[in-house]
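Take a look at the letters that make up each chain.
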Amino acid sequence: MTTEPMSDDSLDDIFNDTKVAPTNQSIREVSDMVEAMKKMADEIDQMTVALDMKVQTYRQMVEKTVPEAVLALGVSAMPLADGTELKIEDVVQASIKNDNKPAAYAWLITNGYGDMIKKTVEVSLGREAPQENLEAILKVAKDLGYLPETAEKVEPATLTAFVRRMYNEGKVVPKDIFTIFQGRKAVIKEPKKKGAKK
């Protein structure tokens, strides 16, 4: 995020068309504001880079460093001094790349999971389209001269839950057409409050 410096000559050109001529002090004040903006922009850039690095380091700890250290102790959970509990949980995430959509959808349909695929129909209507056309559009779209657009998709959360269930049941999901990540992550559980309902 960078901004070009504003010279006094540039400010003079801007104010030449105004009815009230600016004073040298007001021009300096604006110049100071611009310099402050430039400084803030540089600081934001630096903070953004630092935040990205911090997020990557945190993910490395959550998904690799801490799980490996805890599992090396022969446990999957352990209480902490502050009353919280550290647990290592299995993680499964799934998605479908655009290039693999035809093969992935065909696999879902062939194996009886076609109901996971959401089908949508979009029709471009002008602002003056009568309301009654909307009520019957899916049936008579082409007769009315509209061009419906169809699309299919599988929600990521639905796919992830499906793959997790398949794995739990010992079934195979082809990794050559589905993008599947398996791993572990460290989760800190807060202690249950006294008197809380189970």
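The rules we used
Residues numbered from 1 in each chain as written. Predicted model: local features only at pLDDT ≥ 70, side-chain atom pairs only at ≥ 80, totals over all residues. Heavy atoms only, no water. Pairing = 2+ DSSP bridges. Helix = DSSP H or I, 4+ residues; strand = E, 2+ residues; numbered from the N terminus. Axes fitted to C-alpha atoms, helices over the stretch in contact; angles between N-to-C directions. Contact = heavy atoms within 4.5 Å. Buried < 20%, exposed > 50% of the residue type's maximum accessible area, 1.4 Å probe, protein only. Expected span 1.5 Å × (residues − 1). Arc of directions from axis to C-beta. Core = buried A, V, L, I, M, F, W, Y, C linked by side-chain atoms within 4.5 Å. Salt bridge = Lys/Arg side-chain N within 4 Å of Asp/Glu carboxyl O.

Draft legend 1. Molecular detail of the sheet that holds strand β1 (residues 77-79). Reading across from one edge, β1-β2-β5 is the order of the three strands in this open sheet, with antiparallel pairing throughout. Among the strands making up the open sheet, the edge pair consists of β1 and β5 (179-189). Between one strand axis and the next, the sheet turns through 30° on average, direction left out of account. Note that strand β2 (residues 85-95) and β5 share eleven bridges and pair antiparallel. If you follow Glu89 over to β5, its bridge partner there is Lys185. Sheet contacts for helix α2 (residues 24-72): β1, β2 and β5; angle to β5, the most-contacted strand, approximately 65°. Packing of helix α6 (residues 156-168) onto the sheet brings it into contact with β2 and β5, and relative to β2 it is tilted by some 110°.

Draft legend 2. Layout of the environment of Phe162. Note on placement: Phe162 falls in helix α6. Residue class for Phe162 comes out buried when judged on its relative accessible area of 1%. Counting along the chain gives 68 residues from Phe162 to Ala94, while the straight-line C-alpha distance between them is 8.9 Å. Beyond its immediate stretch of four places on either side in the chain, Phe162 contacts Trp107, Leu108, Tyr113 and Met116.

Draft legend 3. Looking closely at α6. Along its 13 residues, α6 runs 18 Å from first to last C-alpha, staying within 8% of the 18 Å computed at 1.5 Å per residue. Within α6, the full set of buried residues consists of Leu159, Thr160, Phe162, Val163 and Met166. When α6 is viewed along its axis, its buried side chains cluster within an angular range of 160° and face the same direction. Among the exposed residues of α6, those pointing more than 90 degrees away from its buried face are Ala157 and Asn168. Buried residues along α6 sit against β2, α3 (101-110) and β5.

Draft legend 4. Structural detail: the side chain of Thr160. Of note, Thr160 is situated in helix α6. Apart from the residues within four sequence positions on either side, Thr160 is in contact with Val92, Gln93 and Ala94.

Draft legend 5. Up close: the nonpolar core. Formed by 19 residues in total, the largest nonpolar core has its most connected members in Trp107, Leu108, Val154, Leu159, Phe162, Val163 and Phe178. Those elements giving two or more residues to this core turn out to be β2, α3 and α6. Residues in contact with Val154, not counting those within four places in the same chain, are Ile96, Tyr105, Leu108, Met116, Ile117 and Leu159.

Draft legend 6. Region of the structure containing the pattern of salt bridges. One pass over the full model with this rule turns up eight salt bridges. A salt bridge links Arg59 to Glu63; the nearest nitrogen and oxygen atoms lie 3.5 Å apart. Of this pair, Arg59 and Glu63 both sit in helix α2, four residues apart, which is roughly one turn of the helix. Accessibility expressed as a relative area gives 35% for Glu63, which makes it partly exposed. For Glu68, the salt bridge is made with Lys64, and the minimal N-O distance between the two is 2.8 Å. Of this pair, Glu68 and Lys64 are both found in helix α2, four residues apart, which corresponds to roughly one turn of the helix. Overall, the relative accessible area of 45% leaves Glu68 in the partly exposed class. Since its relative accessible area comes to 40%, Lys64 is described here as partly exposed.

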